[in-house]
Amino acid sequence: MAPKSTINNASPSPFFSIPTLFLTSTLLFTLTLAFFFFLSNPPHRSNPISSSSSQVSQNPLSSNSINVFVSDLPRSLNYGLLDNYWSSDSDSRLGSDADREIRTTQLFETLEFPPYPENPLIKQYSAEYWIMGDLMTPPEQRTGSFAKRVFEVEDADVVFVPFFATLSAEMQLGLAKGVFRKKVGNQDYERQRKVVDFVKNTEAWKRSGGRDHVFVLTDPVAMWHVRAEIAAAILLVVDFGGWYRLDSRSSGGNSSDMIQHTQVSLLKDVIVPYTHLLPRLILSENKKRETLLYFKGAKHRHRGGLVREKMWDLLVDEPGIIMEEGFPNATGKEQSIRGMRSSEFCLHPAGDTPTSCRLFDAIQSLCIPVIVSDNIELPFEGMIDYAEFSVFVAVGDALKPKWLVNHLKSFSKSQRDGFRRKMSQVQPMFDYDNGHPGGIGPIIPDGAVNNIWNKVHQKLPMVKEAIVRERRKPPGVSVPLRCHCT
């Protein structure tokens, strides 16, 4: 007889078996997960705000493009200005000889997209030309462009105003500088007025108060007479130097070390690079540098640039330092190329404005920038770190005898080589010229134009919020201009 099982003598079995418990737990987990997703993604309901005619934009922000509508300004305010420039020869200022020679050898009357001036005074501010050229390029050639051009304003994130404001200002300065600050007899003012009157009468401007409109104002005096009227817009500027002067005047000169930013702010505006005037030196072609520090430019400046004159007197007789007065015309350009490519460091003191084209020439020459400008703003910060390839010096330290020389000598060869390696990586970011006639053609994918639109794209959440805030104000209520501390 088989032995009896001992299981019958054990304690009773539990109510749930192990398989039953497993199945129950799995079911509960599945129901909980489904409930969580239901709460996270509720059924779509119509939103009265998003369906109203006053919405800011129907388009969610994309991380890899920005939708740009080009305002329908007449050609006379952009490429037509170039027609006028090349057909006249009234500019006798320093640097104009470069364009005078071009006029005698080329004809531009039949070109739809004439070239931009080679005069360094104007060329350094040519961002307006290259940004416009990208937008005018046929779509099939713009696959590498961050800005996607749209032809219905309702589809746009921003409205680009295609006014060559720098060229307009510089043409007036070359023609009759004495009337530039006046309105009567000032052709530049007349053009500014046409632009502002045109855009302010569009539904796009009325809808946003101009906050989603983009103006290129690289020249510090561009659109000088109408700045207050476009202050709410997104302004592409090389620095805030011109506005610093305006704010100082509005405060009676009582706040010399503070920019009020009633018209400009890093919250909405974009700092863009100057167009560099010197060719790029690639890292593999870099040679031994015999000079410690190099500077070429005007000794005498105004306002914040007074530091330049003081530094000049401190450094001019120091061994291993070259301080040259000059201008980047044909002769000066060759001197600058030799000077920057044979020097370890290139001095960048404040001038009439906090920054200058010299900084970007130094980067293209792999000459480590020494920035002595306490109020400087720089392009594409947050995307690149200038401290990785530049030396920043406080004005107070720079004016101490021997301090700057000793500081620069303290950098080892390994540190200097590291600065140059990093500089070589960021050189393309400051390139505008795509090498195509008239700027019409594929742009440099990691170049200045794409980086500018990328920075504009980063401002959009703040811009859209400002538009919504403005709309909810009761009629007759105005908000005073505020300081945006950045």
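Above this text you will find the structure in question.
Enquirer: Run through the environment of Val 226, naming residues and quoting values.
Expert: Mapped onto the elements of the fold, Val 226 is located in the loop between β4 (213-216) and β5 (234-237). Among the residues examined, Val 226 registers a relative accessible area of 1% and is labelled buried. Taking the C-alpha atoms as reference points, Val 226 and Val 196, separated by 30 residues in sequence, lie 7.7 Å from one another. Setting aside anything within four residues of it in sequence, one finds Val 226 in contact with Gln 192, Arg 193 and Val 196.

Enquirer: Before we move on, could you go through the side chain of Ser 71 and cite the residues and values that matter?
Expert: Positionally, Ser 71 belongs in the loop between β1 (66-70) and α2 (79-87). Judged by relative accessible area, which is 8%, Ser 71 ranks as buried. Setting aside residues no more than four positions away along its own chain, Ser 71 makes contact with Val 159, Phe 160, Val 161, Pro 162, Phe 198 and Val 199.

Enquirer: Tell me about the nonpolar core, residues and numbers included.
Expert: Residues Phe 215 and Trp 453 are the most contacted members of the largest nonpolar core, which totals 108 residues. Top contributing element to this core by residue count: helix α16 (residues 448-471), with eight residues. Not counting chain neighbours up to four residues away, the residues in contact with Phe 215 comprise Val 161, Val 195, Val 199, Trp 205, Met 223, Ile 230, Ala 233, Ile 234, Leu 235 and Leu 236. Formed by seven residues, the second largest nonpolar core is a distinct cluster that contains Leu 278, Ile 337, Cys 346 and Cys 367.

Enquirer: Describe the environment of Asp 239, and please don't skip the residues or the numbers.
Expert: Here Asp 239 shows up in the loop between β5 and α9 (241-250). The exposure class assigned to Asp 239 is buried, which follows from its relative accessible area of 3%. C-alpha of Asp 239 to C-alpha of Thr 218: the two residues are 21 residues apart in sequence and 8.2 Å apart in space. Excluding its chain neighbours within four sequence positions, the residues that come into contact with Asp 239 are Ile 271, Tyr 274, Thr 353, Pro 354 and Thr 355.

Enquirer: Can you break down the packing of helix α6 (residues 165-176) against helix α7 (residues 187-200) residue by residue, with the values?
Expert: Close contact between α6 and α7 brings their axes to 8 Å; oriented N to C, the two are set at 160 degrees. Regarding the angle of α6 to α7, the classification is roughly antiparallel. Only Gln 187, Asp 188 and Arg 191 of α7 make contact with α6, whose side of the interface consists of Ser 168, Ala 169, Met 171, Gln 172 and Leu 175. A class-by-class count of the residues in the contact of α6 with α7 yields three nonpolar, three polar and two charged.

How each quantity is defined
- Residues numbered from 1 in each chain as written.
- Predicted model: local features only at pLDDT ≥ 70, side-chain atom pairs only at ≥ 80, totals over all residues.
- Heavy atoms only, no water.
- Helix = DSSP H or I, 4+ residues; strand = E, 2+ residues; numbered from the N terminus.
- Buried < 20%, exposed > 50% of the residue type's maximum accessible area, 1.4 Å probe, protein only.
- Contact = heavy atoms within 4.5 Å.
- Core = buried A, V, L, I, M, F, W, Y, C linked by side-chain atoms within 4.5 Å.
- Axes fitted to C-alpha atoms, helices over the stretch in contact; angles between N-to-C directions.
- Parallel < 35°, antiparallel > 145°, perpendicular 65-115°, else oblique.
- Nonpolar A, V, L, I, M, F, W, Y, C, P; charged D, E, K, R; others polar.

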